[in-house]
Amino acid sequence: MGNPKKLLNVLAGNTEKTPPVWMMRQAGRYLPEYREVRKNAGGFLDLCYNPDFATEVTLQPIRRFGFDAAILFADILLVPQAMGMKLWFAEGEGPRLEPVSDLQAIEALKPAEAIHDTLAPVYETVKRLAAELPKETTLIGFAGAPWTVATYMVAGRGSPDQAVARQMMFGDEVAFSRLIDKVTEATIEYLARQVQAGAEVIKLFDSWAGTLSGSYFEKYALKPAVTIATELKRRFPGLPVIGFPRGAGGGYVQFADAGCFDGLALDSSVPAGWARDVLQPKLAVQGNLDPMHLITGGDALENETRRLVDILGEGPFIFNLGHGITPQGKPENVEKMLSVIRG
Ligand code: CP3
């Protein structure tokens, strides 16, 4: 059937007998070989901006597990950094930025065309990966979706309820919508460069989509994602795009109906039977094993993995987790998951 790359085949709407598989955060601290490179690189950002190191850690999980896709090693917060924000990672505490809190600060952010100097090493990493990956492995480029990126820009850090960003969104919508527009434009240019450098699929991470409600979900999750996907497809006809409106619940249907996504990544709360009946007739689905199974393993891991393959494997399906694997995940449990999927 068509493409020798299973992942591209599924995103074209076809069904593979053995579903292609990869994992969010597949290059990361659960792998001893990642921790080793990370130690030599210095900080996490040094790793992201060094094409030698970033290429190496992207390839590590491909070598170890033979995943069907490699995802560029980078971070969604490189875009705000390229727009001029100060970004750092406090050890054990996650990302920190100096927040933007009003229209003036938002206007002062660099425009889309000025981000490439900072991001050039990322494009170089994509180029090297495109040259070095095995021919059956698909290269995924990515960016954060504007809402998720904006939540970090406004609050200066992560937070489960996104109170600070929601307050600006409701209280100063002129400023907030300007921020979303600027991030949307920068994201389009960033992703276009990744595609030019060799990324074959683009995934948009909207990790905090589930904190948006009512018309705000449509305005700030759905609409920017559609704008980005549509513009990329206009520039690169046939480019597959995967959306990930994490926590969106029924909002997944709006993404499926938008017509510009080829696949949707499901968080672990999305019922597989519902996804099969409602989403899969429209596009490929990817997901959605609870990453905690990779810490605990055992029968629960095997049973849930088999269940997902049984329910979703009859249609276009990419096996993945519902969110990223955590540092406590065990490589031997990844092996076990793969042996269930691959039989
Ligand atoms: O999936 C992959 O393997 C590709 C690389 C990737 C990373 N971050 C590497 C990373 C991707 C796609 C991301 C996306 C990302 N980054 C998101 C969206 C997806 C999601 O997980 O919800 C978000 C919200 C971020 C922002 C961010 N970066 C957070 C919240 C953290 C966690 C901080 C921590 O210490 O755990 C990061 C750091 C980060 N990004 C790590 C990795 C491998 C760990 C850094 C380290 O090695 O110390």
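Just so we're clear, the structure is a prediction, and the values are computed from it rather than from any experiment.

### Examining the overall build of the protein
Of the regular secondary structure elements, the protein holds 16 helices and nine strands. Along the three orthogonal principal directions, the C-alpha set of the protein runs to about 55 × 45 × 40 Å. Each of the 343 residues in the protein was classed as buried or not, and the buried ones make up 58%. In the protein, the share of contacts with a sequence separation of at least 24, taken over all contacts with a separation of at least 6, comes to 73%. When the accessible surface of the protein is summed, it comes to about 13,600 Å², and 50% of that surface belongs to carbon and sulfur atoms. When the 35 basic and 40 acidic side-chain charges of the protein are each reduced to a single mean position, those positions are 2 Å apart.

### Examining the site of the ligand
Taken together, the neighbourhood of the ligand is formed by 22 residues, with Arg 29, Tyr 34, Arg 38, Ser 207 and His 323 sitting nearest. At a separation of 2.5 Å, an oxygen atom of the ligand approaches a polar side-chain atom of Arg 29. In isolation the ligand exposes 870 Å². Once the protein is present, 89% of that is buried. More than half of the atoms of the ligand fall within 2 Å of the grid points belonging to the largest pocket. Mapped by element, the contributors of at least two residues to the shell around the ligand are helix H2 (32-41) and strand E3 (94-97). Across the shell around the ligand, the residue classes break down as 14 nonpolar, four polar and four charged.

### Side note on empty space enclosed by the protein
Here the structure, examined in full by the defined rule, presents two cavities of 30 Å³ or more. Taken as a whole, the largest cavity spans an internal volume of roughly 40 Å³. Asp 75, Ile 76, Val 79, Phe 142, Ala 143, Gly 144, Val 149, Val 183, Thr 187 and Tyr 190 are the residues that line the largest cavity. Elements supplying a minimum of two residues to the lining of the largest cavity: strand E4 (138-144) and helix H10 (173-197). A per-class count over the lining of the largest cavity returns seven nonpolar, two polar and one charged. Here the second largest cavity is characterised by a volume of approximately 30 Å³. Taken together, Ala 145, Leu 204, Asp 206, Ala 225, Gly 243, Phe 244 and Phe 255 make up the lining of the second largest cavity. Taken together, the elements giving at least two residues each to the lining of the second largest cavity come down to strand E5 (201-206) and strand E6 (241-245). Here the residues of the lining of the second largest cavity sort into five nonpolar, one polar and one charged.

### Concerning the sheet that holds strand E1 (residues 69-71)
In space, the seven strands of this open sheet follow the order E1-E4-E5-E6-E7-E8-E9, with parallel pairing throughout. Two strands in the sheet have a free side with no partner beyond their single neighbour: E1 and strand E9 (317-321). Direction aside, the axes of adjacent strands within the sheet are offset by 25 degrees on average. Where strand E8 (residues 284-289) meets E9, five bridges bridge the pair, whose relative direction is parallel. Looking at the pairing, Gln 286 lines up with Ile 318 of E9.

### Side note on the packing of H10 against helix H11 (residues 214-235)
Running from N to C, H10 and H11 cross one another at 25 degrees; their axes reach a closest spacing of 10 Å. Regarding the angle of H10 to H11, the classification is roughly parallel. In this structure, H10 meets H11 at a crossing whose hand is right-handed. Only Tyr 216, Lys 219, Tyr 220, Pro 224, Thr 227, Ile 228, Glu 231, Leu 232 and Arg 235 of H11 make contact with H10, whose side of the interface consists of Glu 173, Phe 176, Ser 177, Ile 180, Thr 184, Thr 187, Ile 188, Glu 189, Leu 191 and Ala 192.

### Some remarks on the environment of Pro 291
Within the element layout of this structure, Pro 291 appears in the loop between E8 and helix H14 (293-296). A relative accessible area of 10% places Pro 291 in the buried class. Considering only alpha carbons, one finds Pro 291 and Leu 321, 30 residues apart in sequence, at a separation of 5.8 Å.

### Notes on the layout of surface pockets
Looking at the largest pocket, its volume works out to about 1,200 Å³. Lining of the largest pocket is provided by 41 residues; of these, Arg 25, Arg 29, Phe 44, Asp 75 and Phe 89 occupy positions nearest its centre. Considered class by class, the residues forming the lining of the largest pocket number 24 nonpolar, nine polar and eight charged. Taken as a whole, the second largest pocket holds about 180 Å³ of empty space. In terms of lining residues, the second largest pocket is bounded by Ser 177, Ile 180, Asp 181, Thr 184, Glu 185, Ile 188, Lys 219, Tyr 220, Lys 223, Pro 224 and Thr 227. Going through the elements one at a time, H10 and H11 are the ones with two or more residues in the lining of the second largest pocket.

### A few points about the nonpolar core
Core analysis: the largest hydrophobic core is formed by 130 residues, its most contacted members being Tyr 190, Val 334 and Met 337. With twelve residues, H10 is the largest single contributor of residues to this core. Residues within four places of Val 334 in sequence aside, it is in contact with Met 23, Tyr 30, Phe 65, Phe 67, Leu 294 and Ile 325.

### Observations concerning the pattern of salt bridges
Tallying each qualifying case throughout the model produces 21 salt bridges. With a shortest N-O distance of 2.8 Å, Glu 33 and Arg 64 are connected by a salt bridge. Taken together, the residues span a long stretch of sequence, with Glu 33 in helix H2 and Arg 64 in helix H4 (residues 51-65) at a distance of 31 residues. Judged by relative accessible area, Glu 33 falls into the partly exposed class, the value being 24%. Note on Arg 64: relative accessible area 33%, which makes it partly exposed. The structure contains a network of salt bridges with shared partners spanning Asp 52, Glu 124, Lys 127 and Arg 128.

How each quantity is defined
Residues numbered from 1 in each chain as written. Predicted model: local features only at pLDDT ≥ 70, side-chain atom pairs only at ≥ 80, totals over all residues. Heavy atoms only, no water. Helix = DSSP H or I, 4+ residues; strand = E, 2+ residues; numbered from the N terminus. Buried < 20%, exposed > 50% of the residue type's maximum accessible area, 1.4 Å probe, protein only. Contact = heavy atoms within 4.5 Å. Areas by Shrake-Rupley, 256 points an atom, 1.4 Å probe, with all protein chains shown as cover. Lys, Arg positive; Asp, Glu negative; His and termini not counted. Charge placed at Lys NZ, Arg CZ, Asp CG, Glu CD. Near = heavy atom within 4 Å. Polar contact = N/O pair within 3.5 Å; in protein donor to acceptor, adjacent residues only side chain to side chain. 1 Å grid on protein atoms, 1.4 Å probe; cavity = no way out; pocket = protein on both sides within 12 Å on 5 of 7 lines; lining within 4 Å. Sits in = over half its atoms within 2 Å of the grid points. Nonpolar A, V, L, I, M, F, W, Y, C, P; charged D, E, K, R; others polar. Points joined across faces, edges and corners; volume = space filled by probe spheres on them. Pairing = 2+ DSSP bridges. Axes fitted to C-alpha atoms, helices over the stretch in contact; angles between N-to-C directions. Parallel < 35°, antiparallel > 145°, perpendicular 65-115°, else oblique. Left-handed = near helix turned anticlockwise from the far one by under 90°. Core = buried A, V, L, I, M, F, W, Y, C linked by side-chain atoms within 4.5 Å. Salt bridge = Lys/Arg side-chain N within 4 Å of Asp/Glu carboxyl O.

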